[in-house]
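# Remarks on the overall topology
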Amino acid sequence: MENQSYVGESEGDAATLPIGYLQTTGHNQHDAPRDGNGNANNGQVHHMKVDVKTVPNENAAPLREKWGKNIEFLLSCVALSVGFGNVWRFPYTAYKNGGGAFVIPYLIVLFIIGRPIYYLEMVLGQFSNRGCVKVYDLAPAMRGIGVGQTIAIFTVITYYAAVLAITLRYLVASFSPVLPWSQCDPSWTNCVDSTLRGGFTLDPNITQPKTSAELYFKNTITHTVDSLDNGLGYPDWKLTICLIVSWLCIIAILIKGIKSSGKVSYFLAIFPYIIIAVLLVRSLTLEGAWTGISYFFKPQWDKLLKIEVWYEAVTQCFFSLTICFGGLIVYSSFNNFSNNIYQHALIITSLDTVTSLIAGCVVFGVIGHLAHVTGQEDIAKVVQGGAALTFITYPDTIAKFDFIPQFFSVLFFFMLFLLGIGTLIGIVTSVITAIHDQRPDITRWKIVIGVGLTGFTIGLIYITPGGLIVLDVMDKYGATLVTLTLAVFELFTFAWIYGVNRVCKDIEFMLGIQTGKFWRICWGFVTPLTVFLILVVSLINYAPVKSAPYSLNAIGWCLYAFAVLQLPCWALYAVLQKYGHTWMESCKAVLRPMIDWGPEDPTRNAQYAEFIEAYKQETSYQSGTFIRKLLKKIME
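Within every chain, residues take consecutive numbers counted from 1 along the sequence as written. Two thresholds apply to this predicted model, a pLDDT of at least 70 for residue-level local features and 80 or more for giving and counting side-chain atom pairs, whereas whole-chain, interface and lining totals are computed over all residues. Based on all heavy atoms of the structure, the side-chain values leave hydrogens and waters out of the count.

For the protein, the name recorded in an unreviewed UniProt entry is Transporter, with Anopheles sinensis as its organism. UniProt positions are given in the numbering used here, feature names are shortened, and annotations may be inferred rather than shown by experiment. According to the UniProt record, the Sequence similarities (unreviewed entry) comment for the protein is "Belongs to the sodium:neurotransmitter symporter (SNF) (TC 2.A.22) family." Heading Function (unreviewed entry) of the UniProt record for the protein holds this comment: "Unusual broad substrate spectrum amino acid:sodium cotransporter that promotes absorption of the D isomers of essential amino acids. Neutral amino acids are the preferred substrates, especially methionine and phenylalanine."

Structure, rendered in structure tokens:
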């Protein structure tokens, strides 16, 4: 078990005090008021500054591995944040919730929620050099938040890898002389070739026509079933091979640690943008493309008054930026202490939004072309969301291309594969780091292989005929609801238990800059309150996954409970570790930072201890009403 000493404990020796200080008499009352000379008023506490070298720590863990260059951190964050959600989730979500009007609430949400959380997680990860669980050394009672987020992110990993396997399956199929989804298989009924364009006559026997692209996805790739009455079925062997290859790619990149994944980030972050640029040019030159793009941006102002639109904007922001999953904290923890993450946060969040808008133009340009060649005037009847947009609508359109459809199919699915790999590397790193921080005695490569094997085994569920139904359930309960719930507690912990003002002092010590009132107001009030309201709305408007039986929805709730209940369980565990204290003293102690909280470098940690001690002495005589103290805590 790690060091269980906390700032402000009433007993302990030099090893349990802030680095750089030595207790000489009495009990350690770290926050006791002091007189003008800096002595404690009760006369019981006396601290003596000592040289850091006189407080050796032979058992100290080695310094954390670091990125090779700052640009590798930046590109890795881009690869983490820019993924499937930018290509298919944002365009469809925007269209469904007001088209161009949706961009307004999305930008507002990005400004008051996405960017503040992104910057906050980066700050605490880089400052402490701790992962998404160990970062809660700032308030050990709340460590269950990090554990719960690790459970949520591992849930995402298992089904994200399965979607990546489907992408790889399509990528391989794209090299065929004739795209296999462009023509109907003789065994399919009510099928229409995806190569057919407008002006064709349907066979009178076809009552409910479906494109060959749709039937290829459902019958050949996933063998999809409409219900789980007959069970999940068995995994498709071709998708199983693709899943193995996907995990082998991830393991190969991560096996040597963060520096190897940093080198790969140059390719994973930059090359997809080259492909997006090629696809954008092609999309804009298609007949009917501008009709689709204008439809994408056409404002539906009435939808701005619906709370569901704002809910969708918040959830899109969370999944697009990958905030409150722990991945950003982990990536930042491998930074050099003085890295200017303020600029990085602004660059990445802005780039993510621009990427979503460009991806929307690419997708809806293609959809507009599909409507044009099929003679469908109502584009709404062409648009499909989720996996259907990626694996049905887009392939159906590519099959109608006159010029080398295989080339554009390879580009599209290769781009998706790279985006998926980039995101998976980040979130898998988060899980690996959480485990390694708790069990540093286990060699890192063993953890990487263990996570890979576990993820692959669970991922087999999603490539069964009933796998997509399970995916919808896990995504709703194990990812979305868990993330929103724990995000509320994360923000409360950082902003109110640890304190906005303390975060700002940490930034001042780390970067030498003052934090503006915008960030203070967002961290202290606007962001936590908005996320809390969105969580309440999602629970009030709860509806079970329609395609899943009640038993599977019940399993989803069990997963949600298992992840969220980590918070009270770990809080109770932390309290019970405080032997020899009263219950109230224990509860207060576990809400204060641990004694070794701060920079990992011992010398810098000693300087930080002096810095915080001086700050506490300056604020020890502050008085006033509760409201005034509250506002001062945030705005000072």
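## Observations concerning the environment of Ile 293
Helix and strand labels come from DSSP, where a helix needs a run of H or I of at least four residues and a strand needs a run of E of at least two; each type is numbered from the N terminus. Assignment of secondary structure puts Ile 293 in helix H8 (residues 289–297). Counting along the chain gives 10 residues from Ile 293 to Ser 283, while the straight-line C-alpha distance between them is 9.8 Å. Should any heavy atoms of two residues lie within 4.5 Å, those residues are considered in contact. Among residues more than four places away in sequence, those in contact with Ile 293 are Leu 284, Cys 361, Phe 364 and Gly 365.

## Let's talk about the packing of aromatic side chains
A pair of Phe, Tyr and Trp rings is counted when the ring centres sit within 6.5 Å of each other, with Trp represented by its six-membered ring. The angle between the planes then sorts it: under 30 degrees is stacked, over 60 is edge-to-face, the rest tilted. Counted by the stated rule, this structure contains 48 aromatic pairs. Between Tyr 342 and Trp 519, the aromatic rings sit 6.0 Å apart at their centres with planes inclined by 75°, giving edge-to-face as the arrangement. Of this pair, Tyr 342 sits in helix H11 (residues 341–374) while Trp 519 sits in helix H16 (residues 517–540), and the two are 177 residues apart along the sequence. Site record: aromatic cluster; members linked through ring pairs are Tyr 170, Trp 181, Tyr 216, Phe 217, Phe 391, Tyr 394, Phe 412 and Phe 413.

## Here's the deal with helix H2 (residues 84–96)
Expected span, for any helix, means 1.5 Å times one less than how many residues it has. Helix length check: H2 (13 residues) gives 18 Å between terminal C-alpha atoms against 18 Å at 1.5 Å per residue, within 8%. Along H2, the sharpest kink reaches roughly 35°, centred on Phe 90 and followed within four residues by the proline Pro 91. Three labels apply to residues, based on accessible area from a 1.4 Å probe with only protein chains included: buried if under 20% of the type maximum, exposed if over 50%, partly exposed otherwise in between. Every buried residue of H2 is accounted for by Phe 84, Gly 85, Asn 86, Val 87, Phe 90, Pro 91, Thr 93, Ala 94 and Tyr 95. Of the residues flanking the end of H2, it is Gly 98, one or two places downstream, whose phi is positive at about 120°. What is called the bend at a residue is the angle between a pair of axes, fitted to the seven residues leading up to and ending at it and to the seven starting from it.

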